[in-house]
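# Commentary on secondary and tertiary structure
The lines below spell out each chain.
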Amino acid sequence: MIKLTERQDKILQIVKKNGPITGQEIAEKLSLTRAALRPDLAILTMSGKLDARPRVGYFFNENYEVKRQAEKFLHQKVIDYKAHPIVVDKSTAVYDAIVQLFLEDVGTLYAVDSRGHLAGVVSRKDLLRASLGNKNLHELPVSVIMTRMPNIFTIQPDATLLEAAKKMIDNHIDSLPVVKEVEEQENTYLLLGRITKTTITRAYLEIMER
């Protein structure tokens, strides 16, 4: 972001209030010559804060403000907004997983192996499907119904909220496990957290209100 000088900020406010307005009219309001303002107007125009049209004058670029506010949100990192993951062992019974899902009020459980590595993802749909199958849910482990690696969509902690949102929308899922890759082991990850559509919506509101 370009830091404005006091004069450039005054020009911006004049155009915001009176635009479209000519360079000469801006100069008169500031008691300056048109030539003296030329560098400032050039900077404001090139930075996108102002637009200019021949024989019309300068006017405030509303899209610039929208883009500036959006960038504050889009460039935020996943690591700053990730939530604590709700974890079960992959040997956990489906019945116990259902109980935990409702007690924690979440849509997804993450299954881990004995080393704490991400082994699978269990969604509400997975648990519902298992419940309708007339199986003994106390004996059926979640490892049988979970989505396994490498078919799990993940996100790295240094990714942006925009990347996380796009991945969820493109793949029609409600959350992503935030992971760190285990060195020299393909498709093996440490589970660091989770990010959801709700998390991203809450982050957007927080940033806009700030």
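Residues numbered from 1 in each chain as written. Predicted model: local features only at pLDDT ≥ 70, side-chain atom pairs only at ≥ 80, totals over all residues. Heavy atoms only, no water.

### As for the packing of helix H1 (residues 6–18) against helix H2 (residues 23–30)
- Where H1 meets H2, the closest approach of the two axes is 11 Å, and the angle between their N-to-C directions is 120°. Comparing their axes, H2 and H1 come out oblique. Seen along the crossing, H1 lies across H2 with a hand that is right-handed. Residue-level inspection shows Arg-7, Lys-10, Ile-11, Ile-14, Val-15 and Asn-18 of H1 in contact with H2, the latter providing Ile-26, Lys-29 and Leu-30.
- Here the residues of the contact of H1 with H2 are counted per class, giving 5 nonpolar, 1 polar and 3 charged. (Axes fitted to C-alpha atoms, helices over the stretch in contact; angles between N-to-C directions. Helix = DSSP H or I, 4+ residues; strand = E, 2+ residues; numbered from the N terminus. Parallel < 35°, antiparallel > 145°, perpendicular 65-115°, else oblique. Left-handed = near helix turned anticlockwise from the far one by under 90°. Contact = heavy atoms within 4.5 Å. Nonpolar A, V, L, I, M, F, W, Y, C, P; charged D, E, K, R; others polar.)

### Here we look at the side chain of Arg-194
- Mapped onto the elements, Arg-194 comes out in strand S8 (residues 189–196).
- Comment: no salt bridge for buried Arg-194; closest opposite-charge side chain is Glu-104, at 6.8 Å.
- A polar contact is formed between the side chain of Arg-194 and the backbone oxygen of His-84, at a distance of 2.8 Å.
- For Arg-194, the contacting residues outside a window of four places in its chain are Lys-82, Ala-83, His-84, Pro-85, Ile-86, Val-106, Tyr-110, Leu-176, Pro-177 and Val-178. (Buried < 20%, exposed > 50% of the residue type's maximum accessible area, 1.4 Å probe, protein only. Lys, Arg positive; Asp, Glu negative; His and termini not counted. Salt bridge = Lys/Arg side-chain N within 4 Å of Asp/Glu carboxyl O. Polar contact = N/O pair within 3.5 Å; in protein donor to acceptor, adjacent residues only side chain to side chain.)

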